[in-house]
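Listed below are the residues making up each chain.
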Amino acid sequence: PYTRGKGGPGREACFSAIQLAGTDPLAPFYVAAFTHRYRLTVETNTWTPCELFDLEKDPEENHNLVNRSGYEETIRQMSEELIRPHYERQAESAP
């Protein structure tokens, strides 16, 4: 339900991560943050935003907004305040 914009109170965001198959440590690694409104995916080797979807207006995620004008602040905020701190906490706790 949370990824469909129906999350309850008390949770700011949820996260997912995926790395392409293989043993190359430099293989692309992607982290996504979902809020009640948006999903942003970032490639972590270069911190390049790859996808941004407005889950209220586009729940099926058909229209990627990452390169559209007017979403720069949303991308910056989600990347700096949600994804990067989450990714760094996970990296610190990795074996």
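In what follows, the structure referred to is the one given above.
Predicted, not measured: the structure shown is a model, and the values here were computed from it.

Visitor: What is the right way to look at the nonpolar core in this model?
Guide: Proteins that are soluble and globular tend to have nonpolar side chains buried together. Within the largest apolar cluster, 14 residues are counted, with the highest numbers of intra-cluster contacts made by Leu-40, Leu-52, Tyr-71, Ile-75, Met-78 and Ile-83. If you list the elements that add at least two residues to this core, you get β2 (29-34), β3 (38-43) and α1 (72-93). Considering each element in turn, this core owes the most residues, four residues, to α1. Not counting residues up to four positions away in its chain, the partners in contact with Leu-52 are Tyr-38, Arg-39, Leu-40, His-63, Asn-64, Leu-65, Val-66, Tyr-71, Thr-74, Ile-75 and Met-78. With five residues, the next largest nonpolar core counts Cys-14, Ala-32, Phe-34 and Phe-53 among its residues.

Visitor: Any chance you could explain the pattern of salt bridges here in plain terms?
Guide: Think of it this way: side chains of opposite charge can pair up when their charged atoms draw near. Following the criterion strictly, the structure yields six salt bridges and no others. The salt bridge partner of Glu-56 is Arg-37, with a shortest N-O separation of 3.5 Å. Separated by 19 residues along the polypeptide, Glu-56 in the loop between β4 (48-54) and α1 and Arg-37 in the loop between β2 and β3 bring together distant segments of the chain. Note on Glu-56: relative accessible area 49%, which makes it partly exposed. Judged by its relative accessible area of 21%, Arg-37 falls in the partly exposed class. One salt bridge connects Arg-39 with Glu-51, and the closest N-O pair in it is separated by 2.9 Å.

Scoring rules and cut-offs
- Residues numbered from 1 in each chain as written.
- Predicted model: local features only at pLDDT ≥ 70, side-chain atom pairs only at ≥ 80, totals over all residues.
- Heavy atoms only, no water.
- Core = buried A, V, L, I, M, F, W, Y, C linked by side-chain atoms within 4.5 Å.
- Buried < 20%, exposed > 50% of the residue type's maximum accessible area, 1.4 Å probe, protein only.
- Helix = DSSP H or I, 4+ residues; strand = E, 2+ residues; numbered from the N terminus.
- Contact = heavy atoms within 4.5 Å.
- Salt bridge = Lys/Arg side-chain N within 4 Å of Asp/Glu carboxyl O.

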